[in-house]
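# Residue-level structural notes
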Amino acid sequence: MFIPYLKKKVLKKGDYFLKEGQKVNEIAFVEKGVLRIFYLSDGKEINNHFFLENDYAVSYLDFLKGTRSRYYIQALEACELYTFNSNGLQAAYDQSKNWERFESAYATSTNRFESFLFLSAKERYLQMQKDHPQFIQRIPLYHLASYLGIERESLSRIRKELLSESSIVT
């Protein structure tokens, strides 16, 4: 049974689930709240993704390889998490094929990487709006701008431009 592998963890806003340099040995299922995964580049925080309710929060590649994290995972809101380790994940796989959806975390990161190669900032924003509309409702704009790889002012321009375009259509 999988339940013995679960541990409840509560984070306050600003608390870290993972810090750079920590060995990645657990995954969190987000029951409540929002987390962000980010890294530091020249002292600047660069957001890589956000995890909301019913998401799995993990530095996935580091987890698979058993390496130390290059990322931070931080609570943007108070969070309730259920964590489990690789033994728990294997038990879950053994019990149910539904756990294969966890593998979609890798596909999500690949799609994000390719969006930087092939899409403009405006197209990345529109893609985020389509794929993750809840991000826009719950995550501060300065974090979204970082996630999209643009400055906050550029995000404001894109949003204003899209608002203007939609008012022309209506």
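What you see is a predicted model; the values in this text were computed from it and never measured.

### Examining helix α6 (residues 141-148)
Burial analysis of α6 places six of its eight residues in the buried class, which makes it a mostly covered element. Among the residues making up α6, those that are buried are His143, Leu144, Ala145, Ser146, Tyr147 and Leu148. Gly149 occupies a position one or two residues after α6 and carries a positive phi of about 80 degrees.

### Notes on the confidence of the model for the protein chain
Per-residue confidence for the protein chain gives a mean pLDDT of 85, with 81% of residues at or over 70. Per-element mean pLDDT across the protein chain ranges from 65 in helix α3 (residues 104-118) up to 98 in strand β7 (residues 72-75).

### Digging into the pattern of salt bridges
Applying the stated criterion across every chain yields a total of nine salt bridges. Taking the shortest distance from any N to any O, the salt bridge between Arg138 and Glu53 comes out at 2.6 Å. Here the residue Arg138 occupies a position in helix α5 (residues 133-138), and Glu53 occupies one in the loop between β5 (44-51) and β6 (56-57), the gap between them amounting to 85 residues. Arg138 gets classed as partly exposed once you look at its relative accessible area, which sits at 27%. On the basis of relative accessibility, which here comes to 27%, the residue Glu53 falls in the partly exposed class. A salt bridge links Glu161 to Lys122; the shortest N-O distance between them is 2.7 Å. Residue Glu161 is located in helix α7 (residues 152-169), and its partner Lys122 is located in helix α4 (residues 121-131); the two are separated by 39 residues in the primary sequence.

### What about the packing of aromatic side chains?
Scanning the model with the defined rule gives eight aromatic pairs in all. Seen from their ring centres, Tyr39 and Tyr71 are 6.1 Å apart, and the 85 degrees between their planes marks the pair as edge-to-face. Of this pair, Tyr39 sits in strand β4 (residues 35-41) while Tyr71 sits in the loop between α1 (60-65) and β7, and the two are 32 residues apart along the sequence. By relative accessible area, which is 30% here, Tyr39 ends up partly exposed. Judged by centre distance (5.3 Å) and plane angle (55 degrees), the rings of Phe50 and Tyr147 are tilted. Of this pair, Phe50 sits in strand β5 while Tyr147 sits in helix α6; the two residues are 97 residues apart in sequence, bridging distant segments of the chain. An aromatic cluster of three or more residues is present, and its members are Tyr16, Phe38 and Tyr72. Between the NZ or CZ atom of Arg36 and the centre of the ring of Phe38, over which it lies, the distance is 3.8 Å.

How each quantity is defined
Residues numbered from 1 in each chain as written. Predicted model: local features only at pLDDT ≥ 70, side-chain atom pairs only at ≥ 80, totals over all residues. Heavy atoms only, no water. Buried < 20%, exposed > 50% of the residue type's maximum accessible area, 1.4 Å probe, protein only. Helix = DSSP H or I, 4+ residues; strand = E, 2+ residues; numbered from the N terminus. pLDDT = per-residue confidence, 0-100. Salt bridge = Lys/Arg side-chain N within 4 Å of Asp/Glu carboxyl O. Phe/Tyr/Trp six-rings, centres within 6.5 Å; stacked < 30°, edge-to-face > 60°. Lys NZ or Arg CZ within 6 Å of the ring centre and 35° of its normal.

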